[in-house]
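Chain by chain, the residues:
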Amino acid sequence: VNEEAASITRSGFGDPRLRMSVNLLGGPALTPAEFAVRKPATTLGASLTVVPPLGEYYPEKLINLGANRWAFKPELGLSVPVGRWSLDGYAGVWLFGDNDEFFGGVRREQDPIGALQFHASYTFRPRLWVAFDSTWYAGGRSTVNGVEKSDRQENTRIGLTLSLPIINRQSIKLTWSDGATTRVGGDFSTYGVAW
């Protein structure tokens, strides 16, 4: 077995993500006083994420911070309150432009990636809540110079978030997520603490 190990370092800017969103149903603009006494209602929204190819990219390097292509993600989201529960669902699809200057001077194309998310959160009292999260995404097979690769993704992730109030208007969030199923791509666990 011939094994080769290498280490690289990249620094600079990746491709920025720009996101525009609008509420289609529910969720009107409110003053802080109105927001504090509002009764939660069903909300439907839409968003568009745009990733322009502005990050650092060198076609002679395999590992880059930028992708040298445009990417777009239209998405719909629905939130339904049920007593102390809040049920949220999102459906979107990543659409990718082509990279005509991929490593080795070839063209790289990528199929769309469909994504579904579901969140169920329970509020014990203001700023004290727990949420279960799940994500499923599939697609994204790439083609390099006309040759289809065996890299179609079909992955599922699950997670938990706990929000704990500490003082007025401040809280600590504890998060965990894990790859439940991974066909291709990163299979990893994450843990986080946010203030």
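Residues numbered from 1 in each chain as written. Predicted model: local features only at pLDDT ≥ 70, side-chain atom pairs only at ≥ 80, totals over all residues. Heavy atoms only, no water.

Of the regular secondary structure elements, the chain holds 1 helix and 13 strands. Secondary structure of the chain in N-to-C order comes out as β-α-β-β-β-β-β-β-β-β-β-β-β-β. Since a compact globule built from 195 residues should have a radius of gyration of about 16 Å, the 21 Å found for the chain marks it as more spread out than a globular shape. Looking at the 195 residues of the chain, the share that counts as buried comes to 26%. Counted over contacts in the chain with a minimum sequence separation of 6, partners at least 24 positions apart contribute 53%. As displayed, the chain offers around 13100 Å² of accessible surface, 59% of which is attributable to carbon and sulfur atoms. Of the charged side chains in the chain, 20 are positive and 19 negative, and the gap between their average positions amounts to 11 Å. (Helix = DSSP H or I, 4+ residues; strand = E, 2+ residues; numbered from the N terminus. Rg over C-alpha atoms; globule rule 2.2 N^0.38 Å. Buried < 20%, exposed > 50% of the residue type's maximum accessible area, 1.4 Å probe, protein only. Contact = heavy atoms within 4.5 Å. Areas by Shrake-Rupley, 256 points an atom, 1.4 Å probe, with all protein chains shown as cover. Lys, Arg positive; Asp, Glu negative; His and termini not counted. Charge placed at Lys NZ, Arg CZ, Asp CG, Glu CD.)

Right, let's talk about the pattern of salt bridges for a bit. Applying the stated criterion across every chain, the model contains 7 salt bridges. For the salt bridge of E75 with K73, the shortest nitrogen-to-oxygen distance reads 3.5 Å. The buried category is assigned to E75, whose relative accessible area is 10%. The residue R107 makes a salt bridge to D100 at a minimum N-O spacing of 2.7 Å. (Salt bridge = Lys/Arg side-chain N within 4 Å of Asp/Glu carboxyl O.)

All right, on to unusual backbone geometry then. Unlike most non-glycine residues, R127 shows phi in positive territory, near 70°. If you trace the backbone, R127 turns up in the loop between β7 (113-125) and β8 (128-139). By relative accessible area, R127 is classed as partly exposed at 32%. In this structure, N145 is a non-glycine residue whose phi angle is positive, near 50°. Note that N145 resides in the loop between β9 (142-144) and β10 (147-148).

Turning our attention to the side chain of S163. One can find S163 in strand β11 (residues 153-167). Given the relative accessible area of 1%, S163 is considered buried. Among the polar contacts listed, one links the side chain of S163 to the backbone oxygen of R127, at a separation of 2.9 Å. (Polar contact = N/O pair within 3.5 Å; in protein donor to acceptor, adjacent residues only side chain to side chain.)

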